[in-house]
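Each chain is listed here by its residues.
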Amino acid sequence: MTDPTTLTYSPGLAHLTDLSRASHLKYHYLALYIYQHTMSKHNTIGFSYRVEGVTLQNTGEQLRTTTPFITHDIIEAIDQQLKPQNYKVDPSSLRIKYTDDQLYIEGFAVEKQEPKTVGFLSGR
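Notes on the structure follow. Just so we're clear, the structure is a prediction, and the values are computed from it rather than from any experiment.

Quick look at unusual backbone geometry
Thinking step 1. Located in the positive-phi region is Asp100, a residue other than glycine, with phi close to 50°.
Thinking step 2. Assignment of secondary structure puts Asp100 in the loop between β7 (95-99) and β8 (102-111).
Thinking step 3. For Asp100, a relative accessible area of 76% puts it in the exposed group.
Thinking step 4. Its identity as a non-glycine residue notwithstanding, Asp101 has a phi of 70°, on the positive side.

Here's the deal with helix α2 (residues 71-82)
Thinking step 1. With 12 residues, α2 ought to run about 16 Å at 1.5 Å a step, and its terminal C-alpha atoms sit 17 Å apart, in line with that.
Thinking step 2. Of all the residues in α2, the buried ones are Ile74, Ile75, Ile78, Asp79 and Leu82. For α2, the angular spread of buried residues about the axis comes to 140°, placing them on one side.
Thinking step 3. Next to the buried residues of α2 lie β3 (44-55), β6 (87-89) and β8.

Cut-off values and rules
- Residues numbered from 1 in each chain as written.
- Predicted model: local features only at pLDDT ≥ 70, side-chain atom pairs only at ≥ 80, totals over all residues.
- Heavy atoms only, no water.
- Helix = DSSP H or I, 4+ residues; strand = E, 2+ residues; numbered from the N terminus.
- Buried < 20%, exposed > 50% of the residue type's maximum accessible area, 1.4 Å probe, protein only.
- Expected span 1.5 Å × (residues − 1).
- Arc of directions from axis to C-beta.
- Contact = heavy atoms within 4.5 Å.

The following block contains the structure:
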């Protein structure tokens, strides 16, 4: 039986035996993500976006919640700010972070590639 305090991501990449060190696993995911996007020949940038007006509030002794928000609208706002740089948010890379009760959304954006055109010549 496997020890429940053992986390294994993939052989040779991450093997943590102490859950207190589990936060180090995020760096392995980051390295893997950058590797995958480097291999796909896309330029990648990281971002951290402060979501205005969304903070944690106490709703009980053990629970804190935020006001409702729509993630899609936030992603659209980030995309609009990245558009002049020709980048688009990669939704699979998003993660939520709270700093001093303030909501931040962090992730990666990839450079938009111009579609390749195929021309057809016809001769009669």
